[in-house]
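# Remarks on the overall topology
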Amino acid sequence: MKNIVFGLFGMLLLSHFLPITLQAQGCNLSLRGQVLNADTGLPMAYAGIVIKETSQGVQSDEHGHYQLNNICPGEYTVVCSHLGCDHAEQKLNLRSNMVLDIAMKENALTLENLVVTGTTSKKAGTQTSSELSGVELDAGRGLGLGESLKRLSGVSTLNTGATISKPVIQGLHSNRILIFNNGVRLEGQQWGNEHAPEVDPFTAERITVVKGAASVRYGADALGGIILLEPKPIRRDPGIGGELHLQGFSNGRSGIVSNMLEGKLAKLPLSGRIQGTLKRAGNLQTPNYYLNNTGVSESNFSWIAKYQPENWVLETFYSRFFTQLGILRDSHIGNLTDLENAIERGRPLQDGDFSYELGRPLQKVMHETFRIKAAHALSESSKLSLQLSRQFNRRQEFDAHRRFNPLPETLDDPSIEFEITTWAAELNWDHRLGRNWRGALGSNTQSQVNTVDRGARIPNFDNLDWGFIGQSGILKAVAPGSLNSVCVTIYGIYT
């Protein structure tokens, strides 16, 4: 009987205090505040705030504000990280909703010398070329120039995320590879690995990669090789025709539309073509979550006109390439600790949902090319040609941090903006003197103006190049029906 009484008394006590205990242990507390620069007091946008004990995390918005919800009462360590700043840790005893402002102090990054040594086996130099056309070219056009060229032997790609890809030939890339689009040497920004070529693969019917000594014909700085993008020949028969390309990809829900229309007049030696490409993609998806801000928006346009009377050819070409590339915000790594924390988390701080919207960090790139070429057949075995071109390239980068410059007051303004204007002229004479003698003489000059409208990491500068080439070949009969050639090439350049 006594045990029954004590049992009933214990149940009464438990029923009296249980609601209070459950209410005290409810995980409905919140922690909010603002991340500030310790030196200037300005807000720190896109900083990472993580509760170390529970791995709950969030990023601050454009004004440095953050908020963590559904936190249980207890003692915690709050860790705040930001690109270019020392980590800030603060311990707190959370018993009710709390406001916590965090001050971040910028650090100075010093890189030590890195020496890499190794040996390689000697390889004989060769003059090789490979070509991509037809079905193989069509299959990779929607993925960009770099991904298309991966189908060729000896060509790989350097990727920055899923939207930026640039070709690598014989281990070299960027300024060590020259790209010619419809006979014009592409002049764009090559200051970083994330600067991809500004080329629409849908304008080319054939892409050729030239490696070895044969590349000297196009420039002494083509150490890796040459990429030639050749468009479809202009229509010769009178009439009108065209092509329509439609491509879609499930990841990113991307779609691509490219249309081409061409024609030739019946009574005049005049023909032309117009072409345009639209591309749109949203956030990419992993098996478990979306990658925020990984979409792309692209719009390209080009036209070409050709006038070809007897013994003359006059051709004009214009193209405009414009793209907006979103960059995964969590890929901005400031130090080794940030990298270790990202690996331990196993996923971004903010994975969100699918969206076509693009925000910081972001790249906007615009490239214009105008070319006019005239050629005259002096005889059946001699031709003189002159080509003039102008290119304008603008690259805008919208960073999500203020490592080098403060964030603009208006989010529509870029953090860094580069512009390049390039004028070029090329004169060539291809000739044949006698039955067994062929030769070519050429000269080219290029004037380039580089300006920085925003940001000061690269100074303004002008560049002037002049070069010449002389090539001569003797054809000698070795046996009936066969020929052997001896060729001498002289190339010079002045900068």
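Given the structure is predicted, the values throughout are model-derived calculations rather than measurements. (Residues numbered from 1 in each chain as written. Predicted model: local features only at pLDDT ≥ 70, side-chain atom pairs only at ≥ 80, totals over all residues. Heavy atoms only, no water.)

Spatial strand order, β3-β2-β5-β6: four strands in an open sheet with antiparallel pairing. Bordering the open sheet on either side are β3 (56-59) and β6 (88-94), each of which pairs with just one other strand. For this sheet, the mean inter-axis angle between neighbouring strands, taken without regard to orientation, is 20°. When strand β5 (residues 74-81) meets β6, the two strands line up antiparallel, connected through seven bridges. The partner of Gly 74 across the bridge, within β6, is Leu 94. (Pairing = 2+ DSSP bridges. Helix = DSSP H or I, 4+ residues; strand = E, 2+ residues; numbered from the N terminus. Axes fitted to C-alpha atoms, helices over the stretch in contact; angles between N-to-C directions.)

A separate point is the pattern of salt bridges. A side chain of one charge can pair with a side chain of the opposite charge if their charged atoms are brought near each other. The final tally for this structure, using the stated rule, is 10 salt bridges. In this structure, Lys 232 and Glu 243 form a salt bridge, with 3.5 Å as the shortest nitrogen-oxygen distance. Placement of Lys 232 in the loop between β15 (225-230) and β16 (239-249) and of Glu 243 in strand β16 is noted, with a sequence separation of 11 residues between them. Judged by relative accessible area, Lys 232 falls into the partly exposed class, the value being 29%. (Salt bridge = Lys/Arg side-chain N within 4 Å of Asp/Glu carboxyl O. Buried < 20%, exposed > 50% of the residue type's maximum accessible area, 1.4 Å probe, protein only.)

On to the confidence of the model for the protein chain. Parts of the model with low pLDDT should not have their predicted coordinates read in detail. On average, residues of the protein chain score 77 in pLDDT, and 77% of them reach the 70 mark or higher. Every residue in residues 1-24 is under pLDDT 50, and counting partners more than four places away or in other chains gives one contact. Long-range and interchain partners of residues 476-489, a stretch whose pLDDT sits below 50, account for 21 contacts in this model, where long-range means more than four residues apart. (pLDDT = per-residue confidence, 0-100. Contact = heavy atoms within 4.5 Å.)

Here we take up the packing of aromatic side chains. Within this structure, the stated rule accounts for three aromatic pairs. Aromatic side chains Phe 354 and Tyr 356 sit 4.9 Å apart centroid to centroid with 85° between the ring planes, which places their arrangement in the edge-to-face category. In this structure Tyr 356 comes out as partly exposed when scored by relative accessible area, which is 32%. Grouped by ring-pair contacts, the aromatic residues Tyr 290, Phe 354 and Tyr 356 constitute a single cluster. (Phe/Tyr/Trp six-rings, centres within 6.5 Å; stacked < 30°, edge-to-face > 60°.)

Another point: the state of the cysteines. This structure, assessed with the given rule, holds one disulfide. Between the sulfur of Cys 27 and that of Cys 72 lies a disulfide, 1.6 Å long from S to S. Of note, the bridge from Cys 27 to Cys 72 carries an S-S torsion of about 80° and is right-handed in sense. With Cys 27 in the loop between α1 (2-24) and β1 (29-37) and Cys 72 in the loop between β4 (65-71) and β5, the pair connects residues that are 45 residues apart, well separated along the chain. A relative accessible area of 36% means that Cys 27 is categorised as partly exposed. Cys 80 takes part in no disulfide bond, and the closest cysteine sulfur to it belongs to Cys 85, at a distance of 8.4 Å. For Cys 80, a relative accessible area of 0% corresponds to the buried category. Exposure remark for Cys 85: the relative accessible area of 1% places this residue in the buried category. (Disulfide = S-S within 2.5 Å.)

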